[in-house]
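Coordinate analysis (summary)
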Amino acid sequence: MAKTCQLFSGSSGNSIYIGNNSAGILVDIGVSAKRCEYQLSRIGISTDSVKAIFVTHEHRDHVAGVRVFASKFNIPVFAAPETLEEMRKLEIINGKFDVYDIENTTDINGIGVEAFKNSHDSACCLGYKITMPDGRKIAVCTDTGYVTDEAKAALSGTDMIFLESNHEISMLENGAYPYHLKRRILSAKGHLSNFAAGEFAKELLQSGTTRFVLSHLSRENNMPEIARQTTISALAELGAKENSDYRLYISKPENDEGLIVL
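To keep things clear, this report deals only with the structure shown in the data block. (Residues numbered from 1 in each chain as written. Predicted model: local features only at pLDDT ≥ 70, side-chain atom pairs only at ≥ 80, totals over all residues. Heavy atoms only, no water.)

Considerations on the sheet that holds strand E4 (residues 50-54)
- The 7 strands lie next to each other as E6-E5-E4-E3-E2-E1-E14, forming an open sheet whose pairing is mixed. Of all strands in the sheet, those with a lone pairing partner are strand E6 (99-101) and strand E14 (260-261), marking the two edges.
- The sheet contact formed by strand E5 (residues 77-79) and E6 spans 3 bridges and is parallel. Bridge pairing links Phe 78 to Tyr 100 in E6.
- Lying on the sheet, helix H1 (residues 33-42) is in contact with strand E1 (3-8), strand E2 (15-19), strand E3 (24-27) and E4; it crosses E1 at an angle near 145°. (Pairing = 2+ DSSP bridges. Helix = DSSP H or I, 4+ residues; strand = E, 2+ residues; numbered from the N terminus. Contact = heavy atoms within 4.5 Å. Axes fitted to C-alpha atoms, helices over the stretch in contact; angles between N-to-C directions.)

Observations regarding the nonpolar core
- In terms of nonpolar packing, the biggest core is built from 27 residues, with Leu 7, Leu 26, Leu 40, Ile 53 and Phe 69 touching the most fellow members.
- For this core, the elements supplying multiple residues, two or more each, are E1, H1, E4, helix H3 (66-73), E5 and helix H4 (81-89).
- In this structure Leu 40 touches Leu 7, Tyr 17, Leu 26, Ile 45, Thr 47, Val 50 and Phe 69, once residues within four positions along its chain are discounted.
- In this structure, Ala 80, Val 113, Cys 124 and Met 160 belong to the second largest nonpolar core, which totals 26 residues. (Core = buried A, V, L, I, M, F, W, Y, C linked by side-chain atoms within 4.5 Å. Buried < 20%, exposed > 50% of the residue type's maximum accessible area, 1.4 Å probe, protein only.)

Thoughts on the pattern of salt bridges
- Here the structure, examined in full by the defined rule, presents 12 salt bridges.
- Here Arg 136 and Asp 159 are joined by a salt bridge, their closest N and O atoms 3.9 Å apart. Placement of the pair is Arg 136 in the loop between strand E9 (126-131) and strand E10 (137-141) and Asp 159 in the loop between helix H5 (149-155) and strand E11 (160-164), with a sequence separation of 23 residues.
- Among the ionic contacts, a cluster of salt bridges with common partners joins Glu 199, Lys 202 and Glu 237. (Salt bridge = Lys/Arg side-chain N within 4 Å of Asp/Glu carboxyl O.)

Overview of the pairing of E4
- Here E4 lies mainly inside the structure; 4 of its 5 residues are buried.
- As judged from the 4 bridges shared by E3 and E4, these two strands associate in the parallel manner. Of the residues in E4, the one forming a bridge with Gly 24 is Val 50.
- Direction of pairing for E4 relative to E5: parallel, over a ladder of 2 bridges. Considered in E5, the bridge of Ile 53 is made with Val 77.

Listed below in structure tokens is the structure:
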């Protein structure tokens, strides 16, 4: 039985738990190790069951708690070689836990993890598709300016996806952010908009995906209901209805609910 939860989401910090009754992994720890440990305990997950940490990229909102958490619980960390190099420069990697270059597919206690490249302004940015022992497939695709061909190939047919829906374009363009930051977010190495997320959700639904978790929403340039309605409207173009043909969730900055069980 697959279980997952977005513990934290957004520019203030990101972390996702994916596992089953015997083992699990974390994708990123962008908050303090203490906060991550607390959130895991709150949803009934022991740190002993966390067998690996997979890092998407080196930005602080994805790695802030990796060093302390991995050191405290002796958990191996996987990332792209470029990301590991940046983490060494940031002194996140300290010799107190094992680190590994992520290859195409890695097996952790029967949980298969496949990496694919996203497009973001970091040394390298990866998304992950996780195949559980029961065959369920859960994917993480955030921090990308557009959906890459590599991501599309990897994500077709996944059961569930954490999909970036970062900003509403009109809110960003008319908001208070400085021009250079707006250009960065809107660029091919920035973040996925509500519209882009909705368009990709249509492709995924047609491939068999039935659970969508909209993630990494901007507090300044988005609203949860706008993100939700954009995806609902996009999927309605296919004749699909929420809670009948698919389920839609919105990640909060800090999860106050529980695990999603597949």
